[in-house]
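An overview of the molecular structure
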Amino acid sequence: MGMATLSEQELLSLAARCRIHIKEENRARLLWELEGMIAFSSVLQTEESEACDSYAFSHEPKNYGELRADEIGESLERDALLALAPMTEDCYLCVPRTLED
Amino acid sequence: MRDWLFRTVGEHQAAMRANEYSSEDLTRAFLRRIEEKNQEIGAYLTVDAEGALCAARASDARRAKGELLSELDGIPYAAKDNFSTKGIRTTCASKLLEHFVPPYDATVIQILKDAGAVLLGKLNMDEFAMGSSNESSAFYPTRNPYDPSRVAGGSSGGSAAAVSAGMACFALGSDTGGSVRQPASFCGVVGLKPTYGVISRYGLISLASSMDAVGLLTHTAEDCRLLLSLLAKRDERDDTSISLSPLPIPKGNLRVGLLEGEGLASPAQREALERAKERLAALGATVLPFTLPSPHKALAAYSVLMSSEASSNLARFDGIRYGSRVDHSDGVLNLYTDTRGELLGKETVRRILFGSYVLQAEHRADFYERARVFRQEIRDRMLASFAEFDVILSPTTPTTAFSVGEIRTPTQMYHADLCTVYANLAGLPAISLPFGTEEGSGLPLSIQLTAAPHGESVLFSVASLLECPQSAAWEVRV
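Here's what I pulled together on the structure shown here. Fair warning: this is a prediction, and the values are worked out from it, not measured in the lab.

**What to know about the sheet that holds strand β9 (residues 255-259) of chain B**
All names here are of chain B. Strand order in the open sheet formed by 11 strands is β1-β3-β2-β6-β8-β7-β12-β13-β11-β9-β10, with mixed pairing between adjacent strands. Of all strands in the sheet, those bounded by a partner on one side alone are β1 (44-47) and β10 (286-290). The average undirected angle you get between the axes of adjacent strands in this sheet is 30 degrees. In the sheet, β1 pairs with strand β3 (residues 118-123) via 3 bridges, with the strands oriented antiparallel. Bridge pairing in β3 places Y44 opposite L123.

Structure below.
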């Protein structure tokens, strides 16, 4: 099986979708490694299969997706939660602007 | 009696009952050992000495009043750094979560706390549990206690090394494709990946949700049995959690399937497998060959599914919803991309990109859908095999621990999981047992046993026939 090919433009488009900035000096190596991973996984395309699909199974399906009781539980501690905020002002949590002009 | 830092849970309890030492004495001894060895081994990322001593003293007070909470009361342990621990930072060995202090405990941490176990600290790992060598930790690699020029394995390398080096009595890890069993094999300890869903994953930071399992690293299979009996319970906070319904121990002659295939094991690991086979046969077991669909295809299917799920699970770490952020970006999009570009490690970035690639509309049918279909094929084949066999005997890893820096490409690294991914793809319980050491290098050899769903008791029963703690050469460890 030949090596899969991925252009630098495709890599950058993929990275943009994943919200990851790739520095220019890392692009060639990353491209080569990703092509290796794609080629490695291309072995899956060697034959057809009739098997049916499975996803996130459990061995006791009756339990799967069971909902919790709709009851008020113990709350997390407010101060511990707020302490995780990267930016605060007085008792407010500051969030960067997520809407652009 | 072995050096006390290498004793089992039962041995510690017996000694504490006999007033040979207290939980505080034991905890102080582990903390001293961590102080002496951690710079060399790199097993711990965070040590909570104060919290550990406080828990140990509380345990000693309960013991004095005859009010012990469980068989784990007063026993010092450590947890991989992807389990949320209230008030103790949980980094996933990533710069992005370097300052994250969870406001709650993972269910397993809470159960152990309620049982009186003493948490020593948090253990090193490959970043976000992606890796097989611990070299992708953003902080420092964990080294193998048998030979520090070698890797400890991964991604639960810190957990395996801590138990192996006498820096904790037992450890928690997570196993998505072999991340408990592979480092257990490299470091000469026991590693259990239970049936999918029997231990709650609430509070475990997700990698690939359809395969992630909480795993246990101990000195003996008996310690694993003891821990599992405490931790295996349905948890309504984990949607995939199930109750363990133990399979009966087989009566009559044990039926063993011996996994065969090209390139699964080095000559030394093959020799360990042969010894295990002979030992079981001498005890009256019937050992017959067993083969599975292409191991390389299984590895590819695992790689596609794991990366796909990881690319989705890790989307939340963007500097806004979770994690640290860079402070030099203009505009929100640059903030996201710069944060993730600068704070995520190379292996994490590769797998997110690859996962996103195989989920794209134009590639999905060729990769993701085929991987799901092949996964079902493997699962069907393995479940059918348990009509014929009670356990499958196989190598845990193709080789013994490799050198730090030896493996240079991602796909070469993935081969370390060649023998372990089956259990995750099929949701089966599997255990890695130390089985002697390699002549010359002195590195640990191992074998793996896999059973049908809920077959943990079968694994422990067969392990007790094979286990020989003296086969691991304690004295050669650093």
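**Thoughts on unusual backbone geometry**
In terms of backbone geometry, most residues other than glycine have negative phi values and most peptide bonds are trans. Residue and element names in this part refer to chain B. The linkage connecting G154 with the following residue, S155, adopts the cis geometry, with an omega of 10 degrees. Checked against the element boundaries, S155 lands in the loop between β5 (147-151) and α5 (157-164). Look at A93: it is not a glycine, yet its phi comes out positive at around 55 degrees. By relative accessible area, which is 0% here, A93 ends up buried. Positive phi values are uncommon outside glycine, yet A129 reaches one of about 70 degrees. Note that A129 resides in the loop between β3 and β4 (143-144).

**With respect to the interface of chain B and chain A**
The accessible area lost on association of the parts is a frequent measure of interface size. Between chain B and chain A, the residue contacts involve 71 residues of the former and 57 residues of the latter. Note on chain B versus chain A: buried area summed over both sides is about 5,600 Å², and carbon and sulfur give 64% of it. When the buried surface of chain B facing chain A is broken down by residue, K297, L353 and R370 of chain B rank first, second and third, together holding 12% of it. Across the chain B-chain A interface, the total number found is 2 salt bridges. Taken together, chain B and chain A are joined by 7 residue pairs in polar contact (both at pLDDT 80 or more).

**As for the environment of L283 of chain B**
Residues and elements named next belong to chain B. Topologically, L283 is positioned in the loop between α8 (267-282) and β10. Judged by its relative accessible area of 53%, L283 falls in the exposed class. Measuring from C-alpha to C-alpha, the distance between L283 and L465 comes to 8.5 Å, with 182 residues separating the pair along the chain.

**As for the environment of T420 of chain B**
Mapped onto the elements, T420 of chain B comes out in the loop between α13 (410-414) and α14 (421-426). Excluding residues within four positions of it along the chain, T420 of chain B makes contact with G177, G178, R181, T396 and Q448 of chain B.

**Overview of the side chain of S308 of chain B**
In this structure, S308 of chain B sits in helix α9 (residues 295-313). When its relative accessible area of 3% is taken as the criterion, S308 of chain B is described as buried.

Cut-offs and rules
Residues numbered from 1 in each chain as written. Chains lettered and ligands numbered in written order. Predicted model: local features only at pLDDT ≥ 70, side-chain atom pairs only at ≥ 80, totals over all residues. Heavy atoms only, no water. Pairing = 2+ DSSP bridges. Helix = DSSP H or I, 4+ residues; strand = E, 2+ residues; numbered from the N terminus. Axes fitted to C-alpha atoms, helices over the stretch in contact; angles between N-to-C directions. Buried < 20%, exposed > 50% of the residue type's maximum accessible area, 1.4 Å probe, protein only. Contact = heavy atoms within 4.5 Å. Buried area = accessible area lost by both parts, 1.4 Å probe. Salt bridge = Lys/Arg side-chain N within 4 Å of Asp/Glu carboxyl O. Polar contact = N/O pair within 3.5 Å; in protein donor to acceptor, adjacent residues only side chain to side chain.

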